[in-house]
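Summary of the model geometry
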Amino acid sequence: MQRRVFELDQTRQAACGSVVTALACSTVECSGEQQVSSSSSSTRTQEGAQSRKGQLLVGLDDGRIEEYRDPDQGDGYGGLRLYRTTRCGNKQKPVDQVCVVSQGESKMACALSGGSLWILPGDADSGGEHDASQVKLSALKGCFRLSADNTNRGCRSLLCACRFSLAPGLPKRLKLVVLELGETLGSDQGIRSRKRHGSARVTHEQAVETQPGGGSCDLGPPSAVREVAWFGDSVLLRTDARFAQFSLSTELGREVFATTTPASALASGGGGPGWESRKGGEGRQGLVPLPGGQSCLLVAGDLGMTVSGEGEPTGSVVQFPAEPEAVHASCDPYLLAVFAKSVYVYDSRKGPRDSHSQTLNLPIFLSPNKPGRVVVESMMGSGGSSSSVLVVVAHGTDLFFLARTGLEDQCREALRQGRHEECLAIAETSSREEERVELEQNSRAEAGIALLHQGRTREALGYLRGCDGFGAEQILPLFPKYCARWLHRVRRRRFWSMSPPLGELVVEEGVGAEEGAKRLVAEFLRDRRTERGEGEGEGESRDGVDTLLCHLWLDCGEAKALEALCGEAGNEVCVEAVEGRMREAGRIHALALLRENTGNLLGACELWCGLADGKRTEVELREGSFLSGLAGGEEERQRKLVGEVARAVAAAGKGSACALSRLPWLMRRDPQAALGLLREAGYGAGEAVELLGELGPDHQERQ
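Residues numbered from 1 in each chain as written. Predicted model: local features only at pLDDT ≥ 70, side-chain atom pairs only at ≥ 80, totals over all residues. Heavy atoms only, no water.

1. Some thoughts on the sheet that holds strand β29 (residues 356–361)
Judged by pairing direction, the sheet is antiparallel, and its four strands sit side by side in the order β26-β27-β28-β29 without closing on themselves. Each edge of the open sheet carries a strand with a single partner, namely β26 (326–328) and β29. Adjacent strand axes in the sheet meet at a mean angle of 20°, parallel and antiparallel pairs treated alike. Relative to β29, strand β28 (residues 342–347) runs antiparallel, the two sharing five bridges. Considered in β29, the bridge of Y346 is made with H356. (Pairing = 2+ DSSP bridges. Helix = DSSP H or I, 4+ residues; strand = E, 2+ residues; numbered from the N terminus. Axes fitted to C-alpha atoms, helices over the stretch in contact; angles between N-to-C directions.)

Take a look at the structure:
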């Protein structure tokens, strides 16, 4: 079942003045700026507070770079407009690459055009038309490819791959040059100005042996090297015939695999040169760095294989339906493969069999005969959330925008389709903590409520346990028979309001299913009561929650849990709502504990004395309750009941109705305990004799 992760934004399709050859995206801090319309050279200034705006750099085949910015704070890219145009020299050579390197809040944009490196104007420079600054370093002669350090995106270093020869007429060689980009204050007619210009210096320069021998593999001539991807000490290279890895420290290269390796061998991480592929090895290949800076996707034909930055296979593969025109991996955790008529979206968290999440149809056919290649880049909206991401697909002069579907919309869709775990996984992809927590909480609540409606109580409560916003009082509507007096006070939370309000508990068919469901609900309420702090929790319905829990323990025959609840200090069980049921069920000791906790010590003693005298009966109990499993039989039973009465009389205090009525009973059952209570309470001899008067002269004399 497909998901709606991206959707084509029909309002943002655009056509450039020339064929698009490169894309790069970033963000820029702006306060007020000039903005030039693509149809007019006139400018206008927009005043405003400091804000972060999206920046799209579009390289064209005539040597120009168009920079687009989002002029409307918080509006995503609805107002994307041309901000300025930059020329890379006067020879109108195509722009092969545009790259953005950064260090903290500072960043620099550069471009590769005509074999030269160009530094673009800074963010603070005005709009309109500009000329890029050429980096004139002899080490960069023959530069044909750029790569930022994928393992350290916060540095201003840039790797340049160059083709050079030691002397005219000698064969070309491959060289890797590491630059450190910076800014210097410029000058205007000899006067020091505040305008900043880009600068570059070489920090590392190294020739790469492309012929076999000396520990290196055969990379072929430098002209066969098409792409490089920099991962710290390691550089991955794509040539016409193979993928390879080169170490900057050891100066050794090795083959990762030949692009003529069959798909079955790639999937197992094996293979070698000499294999014939299904397409004859003539398909497009690509190096696609993955988010996190530790791995890279190698695309060969209709298969993609993930390797580490050192070129070691990780075992993760993706099978495309055909050879993709382009692959984009910056929208973590999604991978986008662009084909002639559609875009396939893959979820990198899933296995190869079920990673395909969505297919988007493109409005035009990306003809391979059309000038230019397919270029894909993604950019973040002004809001900075994952839901404001746009993927830009460029082909020819056309720009298409794929808008990332909001995470809440994705979660809702997954919930409607019953894919609850996937819904939580979607929520986890949010880069903002506040949004992630809100999505997770609402998703758990909606999943739990939907499952309760289906009678899947265990699964439902599993989700609700992780939802802090779903309080115990939200369960009360499941049991209208027990909770009728509290339902009007329940502050029901609707979350996303995807399911109807909860009604009476739905139970699956089967022997013992109802009791099992009630036991699960009781355990959920018990745990929720344990989690709530002093003065927190269910507010006006706290007594309703405790009373419902008492009813459920009665239904399940859980005497031990019932006694623990009734004996808990501060419980708010409504005695009058459960007393009749507890008497009928023979839970006399639990009822006595409940009376004791509500301050009715005399009523509690009346029940304990009735049990001891045989006037009341406690039903057969499960092991672990107060009067179950007594090794001493009736004698031990009597001793425990007398102890409960003595504790209540002591708590009632001197002169209380409880003490006056139950001390004579205690004297008959346990004279030593009764006399101890008299002494501790401070009764005088006359008061003691008066209390014991009903025992008779003989009994008094013995005491």
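Resuming the write-up.
2. Regarding the confidence of the model for the chain
Mean pLDDT over the chain: 81, with 80% of residues reaching 70 or higher. Per-element confidence in the chain is highest for helix α5 (residues 457–465), whose mean pLDDT is 94, and lowest for strand β5 (residues 43–46), whose mean pLDDT is 37. Note on residues 73–78: pLDDT is under 50 here. Beyond four places in sequence and across chains, it has 16 contacts. Taken as a whole, residues 261–283 scores under 50 in pLDDT and shows 34 contacts with residues more than four places along the chain or in a different chain. (pLDDT = per-residue confidence, 0-100. Contact = heavy atoms within 4.5 Å.)

3. Examining the packing of aromatic side chains
One pass over the full model with this rule turns up seven aromatic pairs. The rings of F320, F339, Y344 and Y346 are connected pair by pair, giving a single aromatic cluster. For the cation-ring pair, R163 lies above F144, with the distance from its terminal atom to the ring centre recorded as 3.6 Å. Across from the ring centre of W486, 5.3 Å away, lies the NZ or CZ of R485, which sits over that ring. (Phe/Tyr/Trp six-rings, centres within 6.5 Å; stacked < 30°, edge-to-face > 60°. Lys NZ or Arg CZ within 6 Å of the ring centre and 35° of its normal.)

4. Structural notes on the sheet that holds strand β18 (residues 225–231)
Pairing is antiparallel in the open sheet, where four strands are placed in the order β18-β19-β20-β21. Here the strands that pair on one side only, and so sit at the sheet edges, are β18 and β21 (253–258). On average, adjacent strands in this sheet sit at an angle of 20° to one another, irrespective of strand direction. Where β18 and strand β19 (residues 234–239) come together, six bridges link them in antiparallel fashion. Paired with E227 across the two strands is R238, which belongs to β19.

5. Things to note about the pattern of salt bridges
Counted according to the given criterion, the structure contains 41 salt bridges. Two residues, D240 and R226, come together in a salt bridge whose shortest N-O distance is 2.8 Å. Remark: R226 occurs in strand β18 and D240 occurs in the loop between β19 and β20 (242–247); sequence separation between them is 14 residues. Among the salt bridges present, the one from R526 reaches D527, with a minimum N-O distance of 3.3 Å. Taking the relative accessible area as the measure of exposure, R526 reaches 37% and is therefore partly exposed. By sharing partners, the salt bridges in this structure join E428, E433, R436, E440 and R444 into a single network. (Salt bridge = Lys/Arg side-chain N within 4 Å of Asp/Glu carboxyl O. Buried < 20%, exposed > 50% of the residue type's maximum accessible area, 1.4 Å probe, protein only.)

6. So, the nonpolar core
Grouped together as the largest cluster of nonpolar side chains are 106 residues, with contacts concentrated most on F6, I475, F479, L525, M582 and L666. Ranked by the residues each element gives to this core, the list is headed by helix α12 (residues 601–613), at eight residues. Apart from the residues within four sequence positions on either side, M582 is in contact with C550, L554, L562, C566, R587, A590, L591 and L594. Ranked by size, the runner-up nonpolar core spans 19 residues in total, among them L117, I119, A148 and L158. (Core = buried A, V, L, I, M, F, W, Y, C linked by side-chain atoms within 4.5 Å.)

7. A look at the side chain of E596
By secondary structure assignment, the location of E596 is in helix α11 (residues 588–597). If we ignore the near neighbours within four places in the chain, the residues touching E596 are L601, A604, W608 and R647.

8. Some details on the side chain of N150
As for its position among the elements, N150 is in the loop between β14 (143–148) and β15 (157–164). Classification of N150 as buried rests on a relative accessible area of 8%. Those residues within four positions of N150 in sequence are excluded, and the remaining contacts are A229, W230, F231, P289 and G293.

9. Here's the deal with the pairing of β20
Of all the six residues making up β20, six are buried; the element is thus mostly covered by neighbouring parts of the structure. Along β20, one buried face is formed by R242, A244 and F246 and the opposite face, lined by F243, Q245 and S247, is buried too. Examined bridge by bridge, β19 and β20 share five bridges and lie antiparallel to one another. Bridge pairing in β20 links V235 to F246. Linking β19 to β20, which pair antiparallel, is a turn of two residues. Pairing of β20 with β21, which is carried by five bridges, proceeds in the antiparallel orientation. In the strand pairing of β21, Q245 is matched with R254. Between β20 and β21, which pair antiparallel in sequence order, lie five residues; one of them, E251, sits at a positive phi of approximately 60°.

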